[in-house]
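# Coordinates in review
Listed below, chain by chain, are the residues.
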Amino acid sequence: MAVQGVGGLGHLALQYARALALRVVAIARGADKEELALRLGAHHYVDSRATDAAERLTALGGARMVLGTAAGGDVSPLLGGLTRRGRLVLVGVSPEPVRVTPRQLIFDAVQVSGSLTGTAAENEQDLAFALAHDVAPMVEQASLTDAQAA
């Protein structure tokens, strides 16, 4: 599994994926997120500014799933790093369109979907899982006067 973005959603996704015993690849722009991504459970880190993330995923055996958590950037190139029948799931809302070719849909059988938060019952199960596996958000507090900067 690959997690694109190591921010608000991505830092939790890395912990969940590792707790599920998945082989985890974190993808982000720049080398500054690597240490955090590895500490949160990623087995590999891909700096998408320095290398072609799809090529790196393919070299690692391909991703069965890419979870797009970032609120910006084009995730379309990551489709090339999916295995056959791989899935791109978006939870981060980016203004960029997702470009997928008919070849990818038909011959590679890739799937593209999005997801909002779950139902109340699913959220309760998620919280129980998080507690059982030490999944925790990283939170910074800021005063209301600093809200704009935060």
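Parameters at a glance
Residues numbered from 1 in each chain as written. Predicted model: local features only at pLDDT ≥ 70, side-chain atom pairs only at ≥ 80, totals over all residues. Heavy atoms only, no water. Helix = DSSP H or I, 4+ residues; strand = E, 2+ residues; numbered from the N terminus. Contact = heavy atoms within 4.5 Å. Lys, Arg positive; Asp, Glu negative; His and termini not counted. Charge placed at Lys NZ, Arg CZ, Asp CG, Glu CD. Patch = residues over 30% accessible without salt bridge, like charges linked within 9 Å, V, L, I, M, F, W, Y side chains within 5 Å. Areas by Shrake-Rupley, 256 points an atom, 1.4 Å probe, with all protein chains shown as cover. Salt bridge = Lys/Arg side-chain N within 4 Å of Asp/Glu carboxyl O. Buried < 20%, exposed > 50% of the residue type's maximum accessible area, 1.4 Å probe, protein only. Polar contact = N/O pair within 3.5 Å; in protein donor to acceptor, adjacent residues only side chain to side chain.

### Quick word on the overall build of the protein
Assigned secondary structure in the protein consists of five helices and six strands. Going residue by residue from the N terminus, the α and β elements of the protein occur as β-α-β-α-β-α-β-β-α-β-α. Sequence-distant contacts, at least 24 apart, represent 44% of the contacts inside the protein between residues at least 6 apart. Where the 13 positive side-chain charges of the protein centre and where its 15 negative ones centre are 10 Å apart.

### As for a nonpolar patch on the surface
On the surface, a cluster of nonpolar side chains totalling about 500 Å² of accessible area is made up of Val98, Val100, Leu105, Ile106, Phe107 and Val112. Summarising the element assignment, Ile106 is placed in helix α4 (residues 102-106). The class for Ile106 is exposed, based on a relative accessible area of 60%.

### So, the side chain of Asp47
Tracing the sequence through the fold places Asp47 in strand β3 (residues 44-47). The buried charged residue Asp47 lacks any salt bridge, with Arg49 as its nearest oppositely charged partner at 5.8 Å. A distance of 3.4 Å separates the side chain of Asp47 from the backbone nitrogen of Ala31, its partner in a polar contact.

### Some details on unusual backbone geometry
Among all residues save glycine, negative phi is the norm, and among peptide bonds the norm is trans. Of note, the phi angle at Ala21 is positive, near 65°, even though the residue is not glycine. Inspection of the secondary structure puts Ala21 in the loop between α1 (10-19) and β2 (25-28). If you check the backbone angles, Asp134 has positive phi at about 55° while not being a glycine. Inspection of the secondary structure puts Asp134 in the segment after α5 (120-132). Using a relative accessible area of 68% as the deciding quantity, one classes Asp134 as exposed.

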